[in-house]
Amino acid sequence: MSYLVIARKYRPLFFRDVIGQEHITKTLSNAIITKHIAQGYLFTGTRGVGKTTSARIFAKALNCEKGLNPEPCNECSNCISITNGQNVDVFEIDGASNRGINEIRELRSTIKFKPMISRYKIYIIDEVHMITTEGFNALLKTLEEPPDHAIFIFATTDLHKVPETIISRCQLYQFRKLNLDEITFSLKGILQKENIKYEDEAVLEIAKLADGSLRDSQSLLDQALSFSSEKLTLEAVREVFGITPMQLLYDLTYHLFECQKLEAFEIMRKIINAGYDLNQFIKDYIQFLRDLLIQKNIKSQNANFINSIESNKLTELSQKISSNKIILIIEELLKLLQELKTTTFTTTLVEISIFKLFRIIEMIDIEELSNYLKKLNLALSGGNIQNKLTAVIQPDAAVHSEIEAEPKKNIDRLDKINNIEKPIINETAKKIEDTEKSNKSKTSVSEKKEEKNDELKEIAKTPSVKMVLELFGGELVGVKKTK
Ligand SMILES: Nc1ncnc2c1ncn2[C@@H]1O[C@H](COP(=O)(O)OP(=O)(O)OP(=O)(O)O)[C@@H](O)[C@H]1O
Ligand SMILES: [Mg+2]
Ligand SMILES: [Zn+2]
């Protein structure tokens, strides 16, 4: 690839090529067609999402020699000189280096003269929030009564630093961050034009790192390609940007979720010994767990979670603990990230945090408890707990405290209940329903009470209830209707 950084080589020349900002580019095009052109525009949004690009396209469309059209021609001398930043009537001013009152005064003294060759005199002021208070005051006067031929396009990443008086005199356009699909789509387009082969996962990894900024994604791509220009591979991308290999993150999570402390520490040691930047590693791990949480809860096939580990393996992993616990772990890691900034004991701090993560795993939380109760109810009611009758068991106190002390055993129990076959559960359900019916037909209280014990004994003998009683101890105390 001849050396022209991607961001500059691929700056869109037409509104239609600006990605993800249709709400803005359409409005600007329409303003030109209907000749409803304001004199002050304010473009805001994070870095590298198309503000300067759109300002230039707008300036070209306004001053194109082929007339006022929704898109500039990009062929006439006006369009070409605007693209090159050499047009005599379009001024690109950097607010960061022209922030004082003198610069604004100079602008005010020249703005009144008619444009030299075009329809409008256009002032594109980037980083407008950097202008000083005095500068803003001077600018305000011009903005209140600009000459008809003058148009201001301000751009800023920090809207809250722009005075309200300026904002209220402009049309405000909020540029949005781009999503992963938009970024990967755009990067793949560039790679295809450059005839460079790529792995989808590599492109996705870069898109994730760019955090919504298309320019950042392009700079990252530049960087990755200078490392491996033959083919863009995931491995190369992860290596260039020092990202922890996915397999290590997966293995660590597996052992953590399985409460296998020794194995988890082995992996941590591997990560530390391999010389990974621990900060970067924690960030990668947070990202991994966040993706896992999404996989667990949204279960969409194209959750942004395509990578070197098979999706079903990840789903399986995500089922091992509750969402609640995953969130707690992420919170703990975010705290760790903060603490790492102020300590020199990074390794120790990371190790202590891993211990804290194990404590989270060992807790029993509401979500798991309720899952557990649901499964238990299923076994006791006949497969469908909606409006069904369920056998009520008073569990054994000893078993209860054992479950609290060692949640893992509980999971083994649930697995057994999960494996009870459907006909066996149905048998219980039928027995319970028969009991309830015969109870209704009885009249006297004593008669009811007398037979109740016998019936409960019968229900307790059905295989699925029997199994629950064996696993959890306690006794069958009644039958109730579940809502
Ligand atoms: N929405 C977009 N569609 C297509 N390309 C884009 C878009 N946003 C950014 N780019 C690419 O990123 C480069 C930089 O974009 P641009 O200068 O417009 O960003 P910006 O919003 O002005 O950023 P900054 O706040 O840092 O000035 C462009 O040259 C282009 O290649
Ligand atoms: Mg810009
Ligand atoms: Zn033109």
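Residues numbered from 1 in each chain as written. Chains lettered and ligands numbered in written order. Predicted model: local features only at pLDDT ≥ 70, side-chain atom pairs only at ≥ 80, totals over all residues. Heavy atoms only, no water.

Participant: I'd love a proper account of the overall build of the protein chain, names of residues and values included.
Facilitator: In terms of regular secondary structure, the protein chain is built from 23 helices and 9 strands. Out of the 483 residues belonging to the protein chain, those deemed buried represent 46%. Contacts in the protein chain between residues far apart in sequence, at least 24 positions, make up 75% of those at least 6 positions apart. Carbon and sulfur atoms form 51% of the exposed surface of the protein chain, whose accessible area is close to 25600 Å². (Helix = DSSP H or I, 4+ residues; strand = E, 2+ residues; numbered from the N terminus. Buried < 20%, exposed > 50% of the residue type's maximum accessible area, 1.4 Å probe, protein only. Contact = heavy atoms within 4.5 Å. Areas by Shrake-Rupley, 256 points an atom, 1.4 Å probe, with all protein chains shown as cover.)

Participant: Now, about the site of ligand 1: what can you tell me, with residues and values included?
Facilitator: By nearness alone, 19 residues border ligand 1, and A7, G48, K51, T53 and R215 come closest of all. Bound to the protein, ligand 1 loses 93% of the 630 Å² it would expose on its own. Elements with a minimum of two residues in the shell around ligand 1: α3 (51-63) and α10 (214-227). Considered class by class, the residues forming the shell around ligand 1 number 7 nonpolar, 7 polar and 5 charged. Here the shell around ligand 1 spans two domains, and each of domain 1 (6-174) and domain 2 (180-240) adds at least three residues to it. (Near = heavy atom within 4 Å. Nonpolar A, V, L, I, M, F, W, Y, C, P; charged D, E, K, R; others polar. Domains from an automatic or database assignment.)

Participant: Pulling in residues and values, what's your account of helix α13 (residues 261-273)?
Facilitator: Taking 1.5 Å of rise per residue, the 13 residues of α13 would be expected to cover 18 Å, and the 18 Å separating its terminal C-alpha atoms lies within 8% of that figure. By the burial criterion, the buried members of α13 are A264, F265, I267, M268 and I271. Angularly, the buried residues of α13 cover 160° about the axis, an arc narrow enough to put them on a single face. Opposite its buried face, α13 presents the exposed residues L262, K270 and N273, each directed more than 90 degrees away. (Expected span 1.5 Å × (residues − 1). Arc of directions from axis to C-beta.)

Participant: I'd like to hear about a nonpolar patch on the surface, residue by residue, with values.
Facilitator: Residues V88, M116 and I117 make up a contiguous nonpolar surface patch of about 330 Å² in total accessible area. Positionally, V88 belongs in the loop between α4 (77-83) and β2 (90-94). Judged by its relative accessible area of 39%, V88 falls in the partly exposed class. (Patch = residues over 30% accessible without salt bridge, like charges linked within 9 Å, V, L, I, M, F, W, Y side chains within 5 Å. Salt bridge = Lys/Arg side-chain N within 4 Å of Asp/Glu carboxyl O.)

Participant: Explain the packing of aromatic side chains residue by residue, including any values.
Facilitator: Within this structure, the stated rule accounts for 11 aromatic pairs. Ring geometry for F43 against F175: centres 5.2 Å apart, planes inclined by 50°, an arrangement best described as tilted. Here the residue F43 occupies a position in strand β1 (residues 40-44), and F175 occupies one in the loop between β5 (171-174) and α8 (180-193), the gap between them amounting to 132 residues. According to the relative accessible area criterion, F43 is buried, its value standing at 0%. Here F175 falls in the buried class, since its relative accessible area comes to 5%. (Phe/Tyr/Trp six-rings, centres within 6.5 Å; stacked < 30°, edge-to-face > 60°.)

Participant: Describe in detail the pattern of salt bridges, supporting the description with residues and values.
Facilitator: Under the defined criterion, the tally for this structure stands at 18 salt bridges. Close ionic contact of K320 with E258 constitutes a salt bridge, the shortest N to O distance being 2.8 Å. In this pair, K320 sits in the loop between α15 (311-318) and α16 (323-340) while E258 sits in the loop between α12 (246-257) and α13, placing the two residues 62 residues apart along the sequence. Residue classification places E258 among the partly exposed residues on the basis of a relative accessible area of 23%. Three or more residues joined by partner-sharing salt bridges are found here, namely K208, R290 and D291.

Participant: I'd like a description of the side chain of T184, backed by residues and values.
Facilitator: Positionally, T184 belongs in helix α8. Overall, the relative accessible area of 11% leaves T184 in the buried class. Once residues lying within four places of it in the same chain are set aside, the contact partners of T184 are V203, L204 and A207.

Participant: So what's going on with the coordination of the zinc ion (ligand 3)? Residues and values would help.
Facilitator: Taken together, C64 (SG), C73 (SG), C76 (SG) and C79 (SG) make up the protein donors of the zinc ion (ligand 3), found 2.3 Å from the metal. Around the zinc ion (ligand 3), the 4 donor atoms sit at angles spanning 101 to 119°, and that spread fits a shape best called tetrahedral. All donors to the zinc ion (ligand 3) come from one chain, and their sequence spacing reads C-x8-C-x2-C-x2-C. Pair noted here: C64 is in the loop between α3 and α4 and C79 is in helix α4, with a separation of 15 residues, a long-range link. Accessibility expressed as a relative area gives 1% for C64, which makes it buried. (Donors = N, O, S within 2.8 Å, 3.2 Å for Na, K, Ca; no water. Tetrahedral: all angles 85-135°; square planar, octahedral: opposite > 155°, others 65-115°.)

Participant: Quick one: what's the story with unusual backbone geometry, residue by residue and with numbers?
Facilitator: One non-glycine residue, K35, lies in positive phi territory at about 55°. For K35, the location among the structural elements is in the loop between α2 (22-33) and β1. Overall, K35 belongs to the exposed group, its relative accessible area being 59%. Positive phi is not limited to glycine here, since N195 has a value of about 60°. You can see N195 is positioned in the loop between α8 and β6 (197-198).

Participant: So what's going on with the sheet that holds strand β4 (residues 150-156)? Residues and values would help.
Facilitator: Strand order in the open sheet formed by 5 strands is β2-β3-β4-β1-β5, and the pairing between neighbours is parallel. Only two strands of the sheet have a single partner each, and these edge strands are β2 and β5. When the angles between neighbouring strand axes are averaged without regard to direction, this sheet yields 15°. Relative to β4, β1 runs parallel, the two being bridged by 5 bridges. Directly across from G40, in β4, lies its bridge partner F152. (Pairing = 2+ DSSP bridges. Axes fitted to C-alpha atoms, helices over the stretch in contact; angles between N-to-C directions.)

Participant: Before we move on, can you summarise the pairing of strand β3 (residues 121-126) with the specific residues and values?
Facilitator: In terms of residue burial, β3 counts as a mostly covered element, since 5 of its 6 residues are buried. For the segment spanning β2, helix α5 (residues 101-111) and β3, crossover handedness is right-handed. When β3 meets β4, the two strands line up parallel, connected through 5 bridges. Within β4, the residue paired with Y123 across the bridge is F152. (Right-handed = clockwise from strand over helix to strand, strands pointing away.)

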